[in-house]
Amino acid sequence: MKRVFSGVQPTGNIHIGNYLGALKQFVELQDSNECIYCIVDMHSITVPQDPKILRKNILDVAALYLAVGLDPKKSIIFVQSDVPGHAELSWILMCNSYTGELSRMTQFKQKSKGSESAPTGLFTYPILMAADILLYDTDVVPVGNDQKQHIEITRDIAERINNKYGKTFIIPDGRFLKAGARIMSLDDPTSKMSKSAENIHSRISLLDDSNKIKKSIMKATTDSDGIVRFDIENKPGISNLLNIYSAFSGISINDIEKKYEGIGYGEFKKDLVSVVNDSISPIQKNFNEIRNSKELLDILRDGAERANAISEKTIKRVKDKFGLGL
Ligand code: AQP
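The residue numbers shown here count from 1 along each chain, following its written sequence. Local features in a predicted model are, by the rule used here, given only for residues with pLDDT of at least 70; side-chain atom pairs are given and counted only at 80 or more, and totals for whole chains, interfaces and linings are based on all residues. Computation of side-chain values covers all heavy atoms of the structure but excludes hydrogens and water.

Trainee: Mind showing me how you'd approach the overall build of the protein chain here?
Mentor: The secondary structure content of the protein chain amounts to 13 helices and five strands. Over its C-alpha atoms the protein chain spans a radius of gyration of 20 Å, differing by no more than 12% from the 20 Å that the globule rule assigns to 326 residues. Taken over the C-alpha atoms alone, the protein chain extends approximately 70 × 45 × 40 Å along its principal axes. As displayed, the protein chain has an accessible area near 15400 Å², and 51% of this comes from carbon and sulfur atoms. Under the counting rule used here, the positive set is Lys and Arg, the negative set is Asp and Glu, and His together with the chain ends is not counted. Charge placement uses NZ in Lys and CZ in Arg. For Asp and Glu, CG and CD serve respectively. The positive charge centre, built from 43 side chains, and the negative charge centre, built from 41, are 1 Å apart in the protein chain. In DSSP terms, a helix is any run of H or I states spanning at least four residues, a strand is any run of E spanning at least two, and both are numbered starting from the N terminus. Only C-alpha atoms enter the radius of gyration, while the globule expectation follows 2.2 Å times N to the 0.38, with N the number of residues. Here the accessible surface of atoms and residues is derived via Shrake-Rupley with a 1.4 Å probe, and residues count as covered only by protein chains that are part of the display.

The following block contains the structure:
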(Lines give C-alpha, C1' and ligand atoms only; values in the text may rest on other atoms or scores of the structure.)
Protein backbone atom coordinates (compact mmCIF):
# COMPACT_ATOMS: atom_id res chain seq x y z
CA MET A 1 0.00 0.00 0.00
CA LYS A 2 1.31 3.41 -0.89
CA ARG A 3 0.98 6.48 1.31
CA VAL A 4 -0.79 9.37 -0.45
CA PHE A 5 -0.86 12.97 0.78
CA SER A 6 -2.36 16.14 -0.64
CA GLY A 7 -4.17 19.29 0.38
CA VAL A 8 -6.27 22.24 -0.73
CA GLN A 9 -6.09 25.81 0.55
CA PRO A 10 -9.23 27.24 2.16
CA THR A 11 -8.90 30.42 0.11
CA GLY A 12 -12.44 30.30 -1.26
CA ASN A 13 -14.83 27.78 -2.65
CA ILE A 14 -13.26 24.91 -4.50
CA HIS A 15 -13.55 25.37 -8.25
CA ILE A 16 -13.78 22.80 -11.02
CA GLY A 17 -10.00 23.12 -11.61
CA ASN A 18 -9.28 22.04 -8.03
CA TYR A 19 -11.85 19.28 -8.44
CA LEU A 20 -10.71 17.92 -11.81
CA GLY A 21 -6.99 18.41 -11.13
CA ALA A 22 -6.83 17.21 -7.55
CA LEU A 23 -9.97 16.10 -5.68
CA LYS A 24 -11.11 13.59 -8.28
CA GLN A 25 -7.76 11.86 -7.85
CA PHE A 26 -8.07 11.98 -4.05
CA VAL A 27 -11.27 9.95 -4.28
CA GLU A 28 -9.91 7.46 -6.84
CA LEU A 29 -6.84 6.77 -4.73
CA GLN A 30 -8.52 6.14 -1.39
CA ASP A 31 -9.65 2.59 -2.19
CA SER A 32 -6.22 1.09 -2.66
CA ASN A 33 -3.87 3.40 -0.73
CA GLU A 34 -3.36 4.88 2.69
CA CYS A 35 -4.57 8.43 2.06
CA ILE A 36 -4.07 11.60 4.09
CA TYR A 37 -5.89 14.75 2.95
CA CYS A 38 -5.44 18.08 4.56
CA ILE A 39 -7.05 21.51 4.47
CA VAL A 40 -3.90 23.60 4.30
CA ASP A 41 -4.99 26.65 6.28
CA MET A 42 -1.42 27.72 7.13
CA HIS A 43 -0.69 28.07 3.42
CA SER A 44 -3.71 30.28 2.99
CA ILE A 45 -2.38 32.96 5.37
CA THR A 46 0.57 33.62 3.06
CA VAL A 47 -1.86 36.20 1.66
CA PRO A 48 -4.17 38.27 3.91
CA GLN A 49 -7.33 36.46 5.11
CA ASP A 50 -10.33 37.65 7.08
CA PRO A 51 -10.37 35.32 10.16
CA LYS A 52 -14.16 34.80 10.09
CA ILE A 53 -14.17 34.01 6.38
CA LEU A 54 -11.14 31.75 6.77
CA ARG A 55 -12.87 29.67 9.46
CA LYS A 56 -15.94 29.35 7.22
CA ASN A 57 -13.81 28.39 4.22
CA ILE A 58 -11.98 25.70 6.22
CA LEU A 59 -15.29 24.03 7.05
CA ASP A 60 -16.59 24.50 3.50
CA VAL A 61 -13.53 22.78 2.04
CA ALA A 62 -13.78 19.99 4.64
CA ALA A 63 -17.46 19.48 3.77
CA LEU A 64 -16.63 19.51 0.06
CA TYR A 65 -13.97 16.84 0.64
CA LEU A 66 -16.72 14.62 2.03
CA ALA A 67 -19.28 15.74 -0.56
CA VAL A 68 -17.10 14.69 -3.50
CA GLY A 69 -16.70 11.24 -1.97
CA LEU A 70 -13.83 11.20 0.50
CA ASP A 71 -14.60 8.66 3.17
CA PRO A 72 -13.15 9.27 6.66
CA LYS A 73 -13.06 5.51 7.21
CA LYS A 74 -10.65 5.21 4.29
CA SER A 75 -8.82 8.56 4.41
CA ILE A 76 -7.45 10.74 7.18
CA ILE A 77 -9.02 14.21 6.78
CA PHE A 78 -7.81 17.08 8.95
CA VAL A 79 -6.87 20.76 9.19
CA GLN A 80 -3.15 21.50 8.81
CA SER A 81 -2.79 23.92 11.75
CA ASP A 82 -4.19 21.24 14.09
CA VAL A 83 -0.97 19.27 13.60
CA PRO A 84 2.07 21.23 14.89
CA GLY A 85 4.54 18.95 13.07
CA HIS A 86 3.95 20.84 9.79
CA ALA A 87 5.42 24.07 11.16
CA GLU A 88 8.13 22.26 13.10
CA LEU A 89 9.42 20.29 10.12
CA SER A 90 9.08 23.35 7.90
CA TRP A 91 11.70 25.20 9.97
CA ILE A 92 14.15 22.31 9.77
CA LEU A 93 13.68 22.09 5.99
CA MET A 94 14.03 25.86 5.66
CA CYS A 95 17.50 25.57 7.18
CA ASN A 96 18.33 23.08 4.42
CA SER A 97 17.02 24.95 1.41
CA TYR A 98 18.41 27.86 -0.57
CA THR A 99 17.03 31.31 -1.22
CA GLY A 100 18.13 30.86 -4.88
CA GLU A 101 15.88 27.84 -5.46
CA LEU A 102 12.95 29.58 -3.76
CA SER A 103 13.43 32.70 -5.90
CA ARG A 104 12.89 30.59 -9.02
CA MET A 105 9.39 29.45 -8.00
CA THR A 106 6.89 30.82 -10.53
CA GLN A 107 4.02 30.93 -8.02
CA PHE A 108 6.05 33.30 -5.80
CA LYS A 109 6.94 35.49 -8.75
CA GLN A 110 3.28 35.66 -9.85
CA LYS A 111 1.81 36.31 -6.42
CA SER A 112 4.47 38.70 -5.08
CA LYS A 113 4.60 40.70 -8.35
CA GLY A 114 8.13 41.75 -7.41
CA SER A 115 6.93 43.68 -4.35
CA GLU A 116 9.43 44.15 -1.47
CA SER A 117 6.56 43.93 0.99
CA ALA A 118 5.41 40.46 -0.13
CA PRO A 119 5.08 38.33 3.05
CA THR A 120 8.08 36.11 3.82
CA GLY A 121 5.62 33.21 4.10
CA LEU A 122 4.76 33.59 0.43
CA PHE A 123 8.46 33.12 -0.34
CA THR A 124 8.84 30.06 1.94
CA TYR A 125 5.46 28.53 0.95
CA PRO A 126 7.12 25.68 -1.03
CA ILE A 127 9.06 24.65 2.10
CA LEU A 128 5.86 24.36 4.13
CA MET A 129 4.45 22.27 1.29
CA ALA A 130 7.57 20.09 1.33
CA ALA A 131 7.10 19.66 5.10
CA ASP A 132 3.43 18.68 4.59
CA ILE A 133 4.48 15.94 2.21
CA LEU A 134 7.63 14.65 3.93
CA LEU A 135 6.03 14.63 7.39
CA TYR A 136 3.87 11.64 6.39
CA ASP A 137 6.51 9.58 4.53
CA THR A 138 4.44 10.18 1.43
CA ASP A 139 4.96 8.10 -1.72
CA VAL A 140 2.45 9.83 -4.01
CA VAL A 141 1.15 13.42 -4.19
CA PRO A 142 -1.95 13.86 -6.39
CA VAL A 143 -2.01 17.49 -7.60
CA GLY A 144 -2.76 19.68 -10.59
CA ASN A 145 0.24 20.32 -12.80
CA ASP A 146 0.65 23.90 -11.53
CA GLN A 147 2.29 22.18 -8.54
CA LYS A 148 5.03 20.41 -10.52
CA GLN A 149 7.73 22.84 -9.44
CA HIS A 150 6.75 22.46 -5.78
CA ILE A 151 6.99 18.67 -5.99
CA GLU A 152 10.45 19.03 -7.57
CA ILE A 153 11.77 21.25 -4.79
CA THR A 154 10.34 18.82 -2.21
CA ARG A 155 12.28 15.98 -3.83
CA ASP A 156 15.46 18.09 -4.01
CA ILE A 157 15.33 19.02 -0.32
CA ALA A 158 14.57 15.44 0.74
CA GLU A 159 17.46 14.10 -1.34
CA ARG A 160 19.79 16.78 0.00
CA ILE A 161 18.97 15.84 3.59
CA ASN A 162 19.17 12.10 2.88
CA ASN A 163 22.64 12.60 1.39
CA LYS A 164 23.84 14.65 4.32
CA TYR A 165 22.22 12.88 7.31
CA GLY A 166 21.53 9.39 5.96
CA LYS A 167 18.11 8.09 4.85
CA THR A 168 15.61 10.37 6.56
CA PHE A 169 12.81 10.91 4.04
CA ILE A 170 10.94 8.99 1.36
CA ILE A 171 11.28 10.71 -2.03
CA PRO A 172 7.70 11.40 -3.18
CA ASP A 173 6.31 11.37 -6.72
CA GLY A 174 3.72 13.79 -8.07
CA ARG A 175 0.62 12.32 -9.72
CA PHE A 176 -0.99 14.39 -12.46
CA LEU A 177 -4.13 13.53 -14.40
CA LYS A 178 -4.21 13.88 -18.17
CA ALA A 179 -7.66 15.45 -18.40
CA GLY A 180 -8.17 18.24 -15.90
CA ALA A 181 -4.55 18.66 -14.78
CA ARG A 182 -4.76 22.33 -15.75
CA ILE A 183 -8.15 23.97 -16.12
CA MET A 184 -7.80 27.50 -17.40
CA SER A 185 -9.63 30.64 -16.46
CA LEU A 186 -12.89 31.18 -18.41
CA ASP A 187 -12.22 34.86 -19.08
CA ASP A 188 -8.52 34.46 -19.85
CA PRO A 189 -7.71 30.95 -21.06
CA THR A 190 -3.98 31.64 -20.92
CA SER A 191 -3.97 31.73 -17.10
CA LYS A 192 -5.13 28.96 -14.77
CA MET A 193 -8.53 28.99 -13.11
CA SER A 194 -8.04 30.32 -9.60
CA LYS A 195 -10.11 30.69 -6.40
CA SER A 196 -8.81 34.15 -5.71
CA ALA A 197 -9.18 35.75 -9.17
CA GLU A 198 -11.30 38.90 -8.98
CA ASN A 199 -13.78 38.03 -11.75
CA ILE A 200 -16.20 35.39 -10.42
CA HIS A 201 -17.04 34.44 -14.01
CA SER A 202 -13.42 33.38 -14.54
CA ARG A 203 -14.20 30.20 -12.59
CA ILE A 204 -16.96 27.74 -11.75
CA SER A 205 -17.05 26.91 -8.07
CA LEU A 206 -18.51 23.61 -6.90
CA LEU A 207 -21.07 25.60 -4.91
CA ASP A 208 -22.20 27.91 -7.73
CA ASP A 209 -25.92 27.78 -8.54
CA SER A 210 -27.05 26.73 -12.01
CA ASN A 211 -27.75 30.33 -13.15
CA LYS A 212 -24.25 31.44 -12.25
CA ILE A 213 -22.77 28.40 -14.01
CA LYS A 214 -24.79 29.16 -17.12
CA LYS A 215 -23.73 32.79 -17.11
CA SER A 216 -20.03 31.96 -16.63
CA ILE A 217 -19.98 29.38 -19.42
CA MET A 218 -22.00 31.48 -21.89
CA LYS A 219 -19.64 34.43 -21.23
CA ALA A 220 -16.49 32.30 -21.55
CA THR A 221 -13.89 33.67 -23.94
CA THR A 222 -13.66 31.75 -27.22
CA ASP A 223 -12.67 32.91 -30.72
CA SER A 224 -14.40 34.04 -33.86
CA ASP A 225 -14.06 31.03 -36.18
CA GLY A 226 -16.95 29.07 -34.63
CA ILE A 227 -15.35 25.61 -35.04
CA VAL A 228 -15.36 23.30 -31.99
CA ARG A 229 -11.81 21.99 -32.28
CA PHE A 230 -9.04 21.36 -29.76
CA ASP A 231 -6.06 23.58 -30.53
CA ILE A 232 -4.39 24.99 -27.41
CA GLU A 233 -2.10 27.32 -29.35
CA ASN A 234 -4.66 28.99 -31.60
CA LYS A 235 -7.94 28.29 -29.81
CA PRO A 236 -7.13 28.25 -26.06
CA GLY A 237 -10.65 29.23 -24.96
CA ILE A 238 -12.56 26.51 -26.82
CA SER A 239 -9.80 23.98 -26.01
CA ASN A 240 -10.27 24.69 -22.30
CA LEU A 241 -14.04 24.20 -22.60
CA LEU A 242 -13.47 20.95 -24.49
CA ASN A 243 -11.19 19.80 -21.69
CA ILE A 244 -13.85 20.58 -19.08
CA TYR A 245 -16.55 18.84 -21.14
CA SER A 246 -14.38 15.74 -21.58
CA ALA A 247 -13.22 15.57 -17.94
CA PHE A 248 -16.80 15.74 -16.60
CA SER A 249 -18.52 13.56 -19.21
CA GLY A 250 -15.79 10.97 -19.75
CA ILE A 251 -16.27 11.44 -23.55
CA SER A 252 -13.01 11.81 -25.48
CA ILE A 253 -12.20 15.21 -26.96
CA ASN A 254 -12.16 13.62 -30.40
CA ASP A 255 -15.73 12.37 -30.02
CA ILE A 256 -16.92 15.73 -28.70
CA GLU A 257 -15.36 17.47 -31.71
CA LYS A 258 -17.23 15.08 -34.01
CA LYS A 259 -20.51 15.64 -32.17
CA TYR A 260 -20.31 19.41 -32.70
CA GLU A 261 -19.03 19.38 -36.29
CA GLY A 262 -20.86 22.11 -38.20
CA ILE A 263 -22.63 23.29 -35.04
CA GLY A 264 -21.68 26.65 -33.48
CA TYR A 265 -20.30 27.52 -30.04
CA GLY A 266 -23.75 28.48 -28.68
CA GLU A 267 -25.10 24.91 -28.81
CA PHE A 268 -21.83 23.47 -27.51
CA LYS A 269 -21.81 25.87 -24.57
CA LYS A 270 -25.46 25.14 -23.75
CA ASP A 271 -24.71 21.41 -23.57
CA LEU A 272 -21.60 22.08 -21.49
CA VAL A 273 -23.79 23.92 -18.96
CA SER A 274 -25.87 20.72 -18.59
CA VAL A 275 -22.80 18.48 -18.36
CA VAL A 276 -21.32 20.63 -15.58
CA ASN A 277 -24.62 21.03 -13.72
CA ASP A 278 -25.32 17.29 -13.83
CA SER A 279 -21.91 16.53 -12.34
CA ILE A 280 -21.99 19.22 -9.69
CA SER A 281 -25.53 18.97 -8.36
CA PRO A 282 -25.05 15.65 -6.48
CA ILE A 283 -21.94 17.18 -4.84
CA GLN A 284 -23.99 20.21 -3.74
CA LYS A 285 -26.70 17.98 -2.31
CA ASN A 286 -24.14 16.07 -0.24
CA PHE A 287 -22.50 19.32 0.83
CA ASN A 288 -25.76 20.74 2.17
CA GLU A 289 -26.33 17.62 4.25
CA ILE A 290 -22.83 17.59 5.76
CA ARG A 291 -21.81 21.23 6.14
CA ASN A 292 -23.52 22.06 9.43
CA SER A 293 -23.37 18.61 11.01
CA LYS A 294 -21.54 17.84 14.25
CA GLU A 295 -20.13 14.84 12.39
CA LEU A 296 -17.96 17.16 10.28
CA LEU A 297 -16.14 18.52 13.36
CA ASP A 298 -15.78 15.01 14.80
CA ILE A 299 -14.22 13.79 11.54
CA LEU A 300 -11.71 16.66 11.55
CA ARG A 301 -10.79 16.12 15.22
CA ASP A 302 -10.33 12.41 14.71
CA GLY A 303 -8.31 13.07 11.54
CA ALA A 304 -6.01 15.49 13.39
CA GLU A 305 -5.40 12.92 16.11
CA ARG A 306 -4.47 10.24 13.59
CA ALA A 307 -2.30 12.64 11.58
CA ASN A 308 -0.56 13.81 14.77
CA ALA A 309 0.34 10.24 15.69
CA ILE A 310 2.18 9.79 12.36
CA SER A 311 3.69 13.28 12.44
CA GLU A 312 5.16 12.91 15.94
CA LYS A 313 7.10 9.81 14.87
CA THR A 314 8.61 11.63 11.89
CA ILE A 315 9.54 14.68 13.96
CA LYS A 316 11.29 12.47 16.52
CA ARG A 317 13.20 10.66 13.78
CA VAL A 318 14.25 13.91 12.09
CA LYS A 319 15.29 15.57 15.36
CA ASP A 320 17.43 12.53 16.18
CA LYS A 321 19.14 12.74 12.78
CA PHE A 322 19.85 16.44 13.26
CA GLY A 323 20.92 16.16 16.91
CA LEU A 324 18.08 18.42 18.02
CA GLY A 325 16.51 18.31 21.51
CA LEU A 326 17.26 15.79 24.23
N1 AQP B 1 -6.79 25.53 -12.61
C2 AQP B 1 -6.45 24.36 -12.09
N3 AQP B 1 -6.52 23.23 -12.82
C4 AQP B 1 -6.19 22.03 -12.29
N5 AQP B 1 -5.81 21.87 -11.00
C6 AQP B 1 -5.73 22.97 -10.23
N7 AQP B 1 -5.40 23.16 -8.95
C8 AQP B 1 -5.49 24.48 -8.65
N9 AQP B 1 -5.90 25.18 -9.72
C10 AQP B 1 -6.05 24.27 -10.73
C11 AQP B 1 -5.01 22.10 -8.04
O12 AQP B 1 -5.91 22.15 -6.93
C13 AQP B 1 -5.21 21.73 -5.77
C14 AQP B 1 -5.46 22.69 -4.67
O15 AQP B 1 -4.94 23.95 -4.99
P16 AQP B 1 -4.64 24.98 -3.84
O17 AQP B 1 -5.85 25.25 -3.09
O18 AQP B 1 -3.51 24.48 -3.03
O19 AQP B 1 -4.14 26.29 -4.45
P20 AQP B 1 -3.78 26.79 -5.84
O21 AQP B 1 -3.06 25.77 -6.65
O22 AQP B 1 -3.06 28.07 -5.66
O23 AQP B 1 -5.24 26.96 -6.41
P24 AQP B 1 -6.09 28.21 -6.66
O25 AQP B 1 -7.45 27.70 -6.85
O26 AQP B 1 -5.53 29.00 -7.76
O27 AQP B 1 -6.08 29.03 -5.33
P28 AQP B 1 -5.53 30.49 -5.05
O29 AQP B 1 -6.31 31.38 -5.95
O30 AQP B 1 -5.84 30.71 -3.61
O31 AQP B 1 -4.08 30.51 -5.34
C32 AQP B 1 -3.74 21.61 -6.15
O33 AQP B 1 -3.43 20.25 -6.35
C34 AQP B 1 -3.64 22.35 -7.45
O35 AQP B 1 -2.64 21.82 -8.29
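Trainee: What am I meant to see in the pairing of strand E2 (residues 34-39) here?
Mentor: Walk down a regular strand and you will see the side chains alternate between the two sheet faces. Along E2, five of the six residues are buried, which leaves the element largely enclosed by surrounding structure. DSSP bridges decide pairing: two strands pair if at least two such bridges lie between them. Bridging between strand E1 (residues 3-8) and E2 involves six bridges; their strand directions are parallel. By the bridge assignment for E2, Ser6 is matched with Tyr37. Handedness of a crossover is defined as follows: orient the strands so they point away from the viewer, and if the path from the first strand over the helix to the second runs clockwise, the crossover is right-handed. Crossover E1 to E2 through helix H1 (residues 16-29) is right-handed. Here E2 pairs with strand E3 (residues 75-79) via five bridges, running parallel. Across the sheet, residue Tyr37 finds its bridge partner in E3, namely Ile77. For every residue, the accessible area obtained with a 1.4 Å probe (protein chains only) is divided by the maximum for its type, and the residue is called buried under 20%, exposed over 50%, and partly exposed between those limits.

Trainee: Just checking my understanding: could you explain the pairing of E3 for this structure?
Mentor: Among the five residues of E3, five are classified as buried, and the element is accordingly described as predominantly covered. Side chains of E3 alternate between two faces, with Ser75, Ile77 and Val79 and Ile76 and Phe78 buried alike.

Trainee: How do you make sense of the nonpolar core when you look at a structure like this?
Mentor: Nonpolar side chains tend toward joint burial in soluble globular proteins. Among buried residues, those of type Ala, Val, Leu, Ile, Met, Phe, Trp, Tyr and Cys that are joined through side-chain atoms within 4.5 Å constitute a nonpolar core. Tyr65, Leu206, Ile244, Phe268 and Val276 are the most contacted members of the largest nonpolar core, which totals 60 residues. Here the limits of each domain have been adopted from an automatic or database domain assignment. Each of two domains, domain 1 (3-180 + 294-322) and domain 2 (200-287), supplies a minimum of three residues to this core. Only heavy atoms matter for contacts: two residues are in contact if any of them lie within 4.5 Å across the pair. Once you skip the residues sitting within four places of it in the chain, Tyr65 turns out to touch Gly7, Val8, Leu23, Phe26, Tyr37, Cys38, Ile39, Leu70 and Ile77. Core analysis: the second largest hydrophobic core is formed by 38 residues, Ile36, Val40, Leu93 and Ile310 among them.

Trainee: Looking at this structure, how should I read the packing of helix H3 (residues 51-67) against helix H12 (residues 265-290)?
Mentor: Axes are the key here: two packed helices are described by the angle between their axes and the distance separating the axes. Axes here refer to lines fitted to C-alpha atoms; in helices the fit is confined to the stretch in contact. Angles between the N-to-C directions go from 0 to 180 degrees. Where H3 meets H12, the axes come as close as 8 Å, and the angle between the chain directions of the two elements is 125°. Viewed along their axes, H3 and H12 adopt a mutual orientation that is oblique. Regarding H3 and H12, the two cross each other, and that crossing is right-handed. Of the residues in H12, those touching H3 at Asp60, Ala63, Leu64, Leu66 and Ala67 are Ile283, Asn286, Phe287 and Ile290. Looking at the contact of H3 with H12, its residues break down into seven nonpolar, one polar and one charged. Roughly parallel means an angle under 35 degrees; roughly antiparallel means over 145; roughly perpendicular covers 65 to 115; every other angle is labelled oblique. The crossing is said to be left-handed when, going from far helix to near helix, the turn is anticlockwise and less than a right angle, and right-handed when the turn is clockwise. Ten residues, namely Ala, Val, Leu, Ile, Met, Phe, Trp, Tyr, Cys and Pro, are considered nonpolar, four, namely Asp, Glu, Lys and Arg, are considered charged, and the remaining ones, Gly among them, are considered polar.

Trainee: Would you mind going over the domain arrangement of the protein chain with me for this structure?
Mentor: Interface size is commonly expressed as the accessible surface area that is lost when the partners come together. The assigned domain composition of the protein chain is domain 1 (3-180 + 294-322) and domain 2 (200-287). Computed from C-alpha atoms alone, the centre-to-centre distance between domain 1 and domain 2 is 30 Å. Listed per partner, the contact involves 14 residues of domain 1 and 13 residues of domain 2. Put simply, buried area is the surface a 1.4 Å probe can reach on two separate parts but cannot reach once they are joined, added for both. Between domain 1 and domain 2, the buried area comes to about 1300 Å², and carbon and sulfur atoms account for 77% of it. Salt bridges are defined as contacts in which a side-chain nitrogen from Lys or Arg sits within 4 Å of a carboxyl oxygen from Asp or Glu. Where domain 1 touches domain 2, the interface holds zero salt bridges. Contacts described as polar in this section are N or O atom pairs within 3.5 Å, which, within protein, must combine one atom able to donate a hydrogen with one able to accept it, while residues neighboring in sequence count only if both atoms come from side chains. Between the two partners, domain 1 and domain 2, sit four residue pairs in polar contact (both at pLDDT 80 or more). Elements that contribute at least two residues to the side of domain 1 that touches domain 2 include exactly H1 and H3. When its residues are assigned to classes, the side of domain 1 that touches domain 2 shows nine nonpolar, three polar and two charged.

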